[in-house]
Amino acid sequence: MNTPFFPGFAVHRVALGDAVIHAEVGGSGPPLLLLHGYPQTHVAWHRIAPELARHFTVVAPDLRGYGDSTGPAGDPLHIHHCKRTLAADKRALMRALGFERFAVMGHDRGARVGYRLCLDSPEAVSCFTSLTVVPTEEMWKRAGMAFGLKAFHWYLFAQPFDLPERMLAADPSYYLDWTLRNMVQKVDAVAPEALAEYHRAFAKASVRHAMVEDYRAAASIDLQHDRDDLVAGRRIACPVQVLWSASLTAKPDPAEIWQTWADQVEGGTVDCGHLMAEEAPDEVLARVLPFLRRHA
């Protein structure tokens, strides 16, 4: 079965214990895992995946609970939706597809899953590209008024069940549109057909719950996992590339921050907002392809 967003890709549904992961796979060459962010699905990669598939075997899944992937409801410790669990999902997914070692590119929540995969399964990851993200421990340490006003959902979604879920259920369509507009510099950055897919997914209460649990984990168990790594001196051994918005002028910049966590770091800015792969696909490709082709 081919899909309109990823011509020539095949749809896979892979059962992994308590989750079923929906993924699209296409192209040829070294394997490359693409991990999307909030509040999107794997469709977030539709503007760059076809070009990447000319060089790599591209695997673009929905995170557990997002899009058309499924998973259990939240648990008191948020283990079901922590990045360690989501990273284990993706390790198992790639093994099920026949890939023991692969490159990873993640955006937003997907980048958090990606760096956890690097730390927990270093033998599996050849290189890692992070779009817009620094580690969760670093994000909370540097969060201030400006961050809280712009990214208020980090605080809202960390609240106990089921306050955020009830608030999102009041008008999910309006909330999703408002959120995506707040993330971009270019008002038409999200293609209408992609927006329709995001709305289809976000309309499901189970998807909204998974997203909220993802953020609850980021304010609790994910943070503890990061701190445990820092105390133990664990670092990311594979090459790391980080790209961030040119509008971000705070110091230290994301590349400097990642040097605390990784042995080999490079990166730079892209002239766009948060949704890089949709807002500036050509510039993103120009940055990531040389890196991935060197290290994947």
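Scroll up a little and you will see the structure.
Residues numbered from 1 in each chain as written. Predicted model: local features only at pLDDT ≥ 70, side-chain atom pairs only at ≥ 80, totals over all residues. Heavy atoms only, no water.

### Description of the pattern of salt bridges
Pairs can form between side chains of opposite charge whenever their charged atoms are close.
Stage number 1. Per the counting criterion, the structure on display carries 26 salt bridges.
Stage number 2. Across the pair K83 and D214 runs a salt bridge, and its minimum N-O distance is 2.7 Å. Taken together, the residues span a long stretch of sequence, with K83 in helix 2 (residues 83-96) and D214 in helix 10 (residues 205-218) at a distance of 131 residues. Of the two residues, K83 and D214, neither departs from the other in class, the shared state being buried.
Stage number 3. In this structure, E100 engages R91 in a salt bridge whose closest nitrogen and oxygen atoms are separated by 3.3 Å.
Stage number 4. Since its relative accessible area comes to 47%, E100 is described here as partly exposed.
Stage number 5. Looking at R91, the relative accessible area reads 6%, which means it is buried.
Stage number 6. Among the ionic contacts, a cluster of salt bridges with common partners joins R84, R116, D120, D226, D229 and R234. (Salt bridge = Lys/Arg side-chain N within 4 Å of Asp/Glu carboxyl O. Helix = DSSP H or I, 4+ residues; strand = E, 2+ residues; numbered from the N terminus. Buried < 20%, exposed > 50% of the residue type's maximum accessible area, 1.4 Å probe, protein only.)

### With respect to the packing of helix 10 against helix 11 (residues 221-232)
Stage number 1. Close contact between helix 10 and helix 11 brings their axes to 4 Å; oriented N to C, the two are set at 40°. In terms of orientation, helix 10 lies oblique with respect to helix 11. Of the residues in helix 11, those touching helix 10 at D214, A217 and A218 are I221, D222 and L223.
Stage number 2. Class assignment for the residues of the contact of helix 10 with helix 11 results in four nonpolar, no polar and two charged. (Axes fitted to C-alpha atoms, helices over the stretch in contact; angles between N-to-C directions. Parallel < 35°, antiparallel > 145°, perpendicular 65-115°, else oblique. Contact = heavy atoms within 4.5 Å. Nonpolar A, V, L, I, M, F, W, Y, C, P; charged D, E, K, R; others polar.)

### Structural notes on helix 8 (residues 172-183)
Stage number 1. With twelve residues, helix 8 extends 17 Å from end C-alpha to end C-alpha; this agrees with the ideal 16 Å at 1.5 Å per step.
Stage number 2. Every buried residue of helix 8 is accounted for by P172, Y175, L176, T179, L180 and M183. Angularly, the buried residues of helix 8 cover 125° about the axis, an arc narrow enough to put them on a single face. Exposed residues pointing more than 90 degrees away from the buried face of helix 8 are listed as Y174 and R181.
Stage number 3. Residues of helix 8 that are buried sit in contact with helix 6 (153-156), helix 7 (163-170), helix 9 (192-202), helix 10 and helix 13 (276-279). (Expected span 1.5 Å × (residues − 1). Arc of directions from axis to C-beta.)

### Observations regarding the sheet that holds strand 4 (residues 57-61)
Stage number 1. Ordered by their spatial adjacency, eight strands build an open sheet running 1-2-4-3-5-6-7-8, and the pairing between neighbours is mixed. Where the open sheet ends on each side, the last strands, each with one partner, are strand 1 (10-16) and strand 8 (262-270). Across the sheet, the axes of successive neighbouring strands diverge by a mean angle of 20°, strand direction being ignored.
Stage number 2. Pairing geometry for strand 6 (residues 125-131) and strand 7 (residues 236-245), over four bridges, is parallel. Each residue of the ladder has a partner; that of F128, found in strand 7, is V240. (Pairing = 2+ DSSP bridges.)

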